[in-house]
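The lines below spell out each chain.
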Amino acid sequence: MNRPVGRVLTLLELLQSGGVRPAAELADRLGVDTRTVRRYVDHLLNLDIPVESVRGRYGGYRLARGFRLPPLMLGDDEALAVLLGLLSGRRSGLTATLGPAGETAAAKIRRVLPARLADRLDSVLESIAFTGEEPDQSAAPDATVLLTISDAVTNRRPIAIAYGDRTDRTVHPYAIVSHGKRWYVRALDPVIGEERTFRLDRIHAVRTMPGTFDPPGDDPVRSLVTGFATAEYRHQVALRIQGTAEQIRTRFPASVATLQPLADEGRPGWHRLAIRAERLDWLPATLAALDLPFEIERPAELRDLVLALAERLASRARGGA
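Cut-offs and rules
- Residues numbered from 1 in each chain as written.
- Predicted model: local features only at pLDDT ≥ 70, side-chain atom pairs only at ≥ 80, totals over all residues.
- Heavy atoms only, no water.
- Axes fitted to C-alpha atoms, helices over the stretch in contact; angles between N-to-C directions.
- Helix = DSSP H or I, 4+ residues; strand = E, 2+ residues; numbered from the N terminus.
- Left-handed = near helix turned anticlockwise from the far one by under 90°.
- Contact = heavy atoms within 4.5 Å.
- Nonpolar A, V, L, I, M, F, W, Y, C, P; charged D, E, K, R; others polar.
- Pairing = 2+ DSSP bridges.
- Phe/Tyr/Trp six-rings, centres within 6.5 Å; stacked < 30°, edge-to-face > 60°.
- Buried < 20%, exposed > 50% of the residue type's maximum accessible area, 1.4 Å probe, protein only.
- Parallel < 35°, antiparallel > 145°, perpendicular 65-115°, else oblique.

Looking at this structure, I do not really get the packing of helix H10 (residues 283-290) against helix H11 (residues 300-319). What am I missing?
Packed helices, taken two at a time, are described by the angle their axes make and the gap between the axes. At their nearest, the axes of H10 and H11 sit 9 Å apart, and the two run at 65 degrees to each other. By crossing handedness, the relation of H10 to H11 is classed as right-handed. On H11, the residues touching Leu283, Pro284, Ala285 and Leu287 of H10 are Leu302, Leu305, Val306 and Leu309. Tallied by class, residues from the contact of H10 with H11 come to eight nonpolar, no polar and no charged.

What follows is the structure, given as structure tokens:
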């Protein structure tokens, strides 16, 4: 690409970052004078790319809203971020309503990715699993952390991470899991010989270490949600609920509760629900919304909360009669 054409494309990339860009700033970034910047703007206008000239003390150039999308100039990390969002959204069902538009957009970007970037993208996609709960894209992890860990997962390489207040914790990562509003990495901690779960947004720095490891054979999605459901909390709740597993899971997903059929105990159609919770105040309303017969085994405090909610609802219903 000759230098003038390359500078025109760089000008477009700068303008796409948003806001009004002063001519002097653009000239400095492009290594030309302001007169040449005006000539480059004319080139963009000739290509039907709507560039506006803003006069005044804070004037300069900006992209206007046009009748069609201008060519996009994306850096390496930006291209990977857009493509990863499209592909992960498709896998999780988040972009199912887009129809073929998401597929064609992803295909267009993939076609122009250099081999180096395509390999990094493949590493990310091979290492990520989804629990089925709708992800929150606003809570996505740092791109550098994600790419480094996904490469380590794919190549079975140990990593040293700065996590929370600790630094240089060495772990063996074997999967990245997107669950609800968070991204997690499942890894073996070789010091204690146990599997651990780390939130990616709490990893401040990561570097790949020498050596390799053999990943465990368990399902990372199942181990993650089971770990959440069986974690130590203040209250241990046990309920018996009459209904199908599908009905119960609408309010109590696998990451919140474990479910056991009671047919062997002579109660077909019933399930025992075990929950470990830090608070109980959310359970009465959830049970009411579930609208299935239930019995409270423990704790007694939960029974009191359910009765209190029932009395408040009955009182308000009578008052409105």
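Quick question: what am I supposed to make of the pairing of strand S7 (residues 194-199) here?
Consecutive side chains along a regular strand alternate between the two faces of the sheet. Judged from the six bridges that link them, strand S6 (residues 182-189) and S7 form a sheet pairing that is antiparallel. From the neighbouring strand, Asp189 faces S7, where its bridge partner is Glu194. Linking S6 back to S7 in an antiparallel pair, the connection comprises four residues, with Gly193 at a positive phi of about 70 degrees.

I keep staring at the packing of aromatic side chains and nothing clicks. Help me out?
How two aromatic rings sit relative to each other is set out by the distance from centre to centre and by the angle between their planes. Tallied over the entire structure, the rule returns two aromatic pairs. Their ring planes at 80 degrees and their centres at 5.0 Å tell us that Tyr163 and Phe198 sit as a pair that is edge-to-face. Placement of the pair is Tyr163 in strand S4 (residues 159-163) and Phe198 in strand S7, with a sequence separation of 35 residues. Residue Phe198 is classed as buried on the basis of its relative accessible area of 1%. Ring geometry for Phe252 versus Trp282: centroids 6.3 Å apart, planes at 50 degrees, classification tilted. Of the two residues, Phe252 sits in the loop between helix H9 (245-249) and strand S10 (257-261) while Trp282 sits in the loop between strand S11 (270-277) and H10, which places them 30 residues apart along the sequence.

Explain the environment of Leu309 here, please?
Tracing the chain through its elements places Leu309 in helix H11. Remark: the alpha-carbon pair of Leu309 and Ala285, spanning 24 residues in sequence, is separated by 7.8 Å. Beyond its immediate chain neighbours, meaning those up to four positions away, Leu309 contacts Pro284 and Ala285.

Hey, could you run me through the packing of helix H2 (residues 23-30) against helix H3 (residues 34-46) in this one?
Packing of H2 against H3 leaves a shortest axis separation of 9 Å and a crossing angle of 90 degrees. Classified by the angle their axes make, H2 and H3 are roughly perpendicular. Contacts between H2 and H3 involve Ala23, Ala24, Leu26, Ala27 and Leu30 from the former and Thr34, Val37 and Tyr40 from the latter. Each residue belonging to the contact of H2 with H3 can be placed in one class, and the counts come to seven nonpolar, one polar and no charged.

I tried to follow the sheet that holds strand S9 (residues 235-242) on my own but got confused; where do I start?
As a general point, the strands of a sheet are linked pairwise by backbone hydrogen bonds and lie either parallel or antiparallel. If you walk across this open sheet you meet the four strands as S10-S11-S9-S12, and the pairing is antiparallel. Each edge of the sheet is formed by a strand with only one pairing partner; in this case those strands are S10 and strand S12 (294-298). The mean inter-strand angle of the sheet, taken between neighbouring strand axes irrespective of direction, is 20 degrees. Sheet topology places S9 next to S12; four bridges connect them, and they run antiparallel. Residue Arg240 lies in a different strand from S12, and its bridge partner there is Glu295. Strand contacts of H10: S9, S11 and S12, with the helix running at about 15 degrees to S9, the strand carrying the most contacts.

By themselves, these observations are geometric and do not establish any function.
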